[in-house]
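Structure at a glance
Listed below, chain by chain, are the residues.
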Amino acid sequence: MFGSCLHPNNGFTDGKDLERKSSKKWSKRLKMKSNSSRNSQERAALDDVLLLRKEYSYIELIRESNQPLGIIFSGGVDQASPVIIQEISPDSIAAKSEAVQVGDVIRAINGIQTNQLKHGEVASVMLNAGHVISLQLEYDSSQSRKFS
């Protein structure tokens, strides 16, 4: 229950009147917004949903000298796409970790952000990452994850 408060038009109210008025205003705002630039609002709403579903993980993969990680990816600034894992080779370091999944976005490799790197530069960073490779991954929160 709402406490009593001073209403500018009619003195004291129990708060329910304010609740009714604010819900009417909210309805009017929604109607006004739905009539103007519907496509941009739909995109913005979709972006909001997608933003809410993103999660991040930081993992470390350890490899022997020049052993491949087993990650096949697409993307890079030259492809106008984020770096996305397309395939994971069976029995590879990435597959054995169970923390890397197809569809994950690689945001950083050993602290190097991938959002400004070309595809070839990302490949080079991965090849020259050394013994311990730290990955920052972005993924959809609806995916089940296993972290060791």
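Parameters and conventions
Residues numbered from 1 in each chain as written. Predicted model: local features only at pLDDT ≥ 70, side-chain atom pairs only at ≥ 80, totals over all residues. Heavy atoms only, no water. Buried < 20%, exposed > 50% of the residue type's maximum accessible area, 1.4 Å probe, protein only. Helix = DSSP H or I, 4+ residues; strand = E, 2+ residues; numbered from the N terminus. Arc of directions from axis to C-beta. Contact = heavy atoms within 4.5 Å. Pairing = 2+ DSSP bridges. Polar contact = N/O pair within 3.5 Å; in protein donor to acceptor, adjacent residues only side chain to side chain.

1. Details of helix H4 (residues 119-127)
Those residues of H4 that sit buried are Val122, Val125 and Met126. Taken around the axis of H4, the buried residues stretch over an arc of 100°, which confines them to a single face. In this structure, the buried residues of H4 make contact with strand E4 (71-76), strand E5 (81-88), strand E6 (105-109) and strand E7 (112-113).

2. A word on the pairing of E5
A regular strand carries its side chains on alternate faces of the sheet. Inspection of the sheet shows E4 paired to E5 by 5 bridges, in the antiparallel sense. The residue of E5 that forms the bridge with isoleucine 72 is glutamate 87. In sequence, E4 turns back onto E5 through a hairpin of 4 residues, with alanine 80 there showing a positive phi of about 50°.

3. Structural notes on the side chain of glutamate 138
Along the chain, glutamate 138 falls in strand E8 (residues 132-140). At 3.1 Å, the side chain of glutamate 138 forms a polar contact with the side chain of tyrosine 56. Contacts of glutamate 138, omitting those with residues within four sequence positions, involve Lys54, Glu55, Tyr56, Asp104, Val105 and Arg107.

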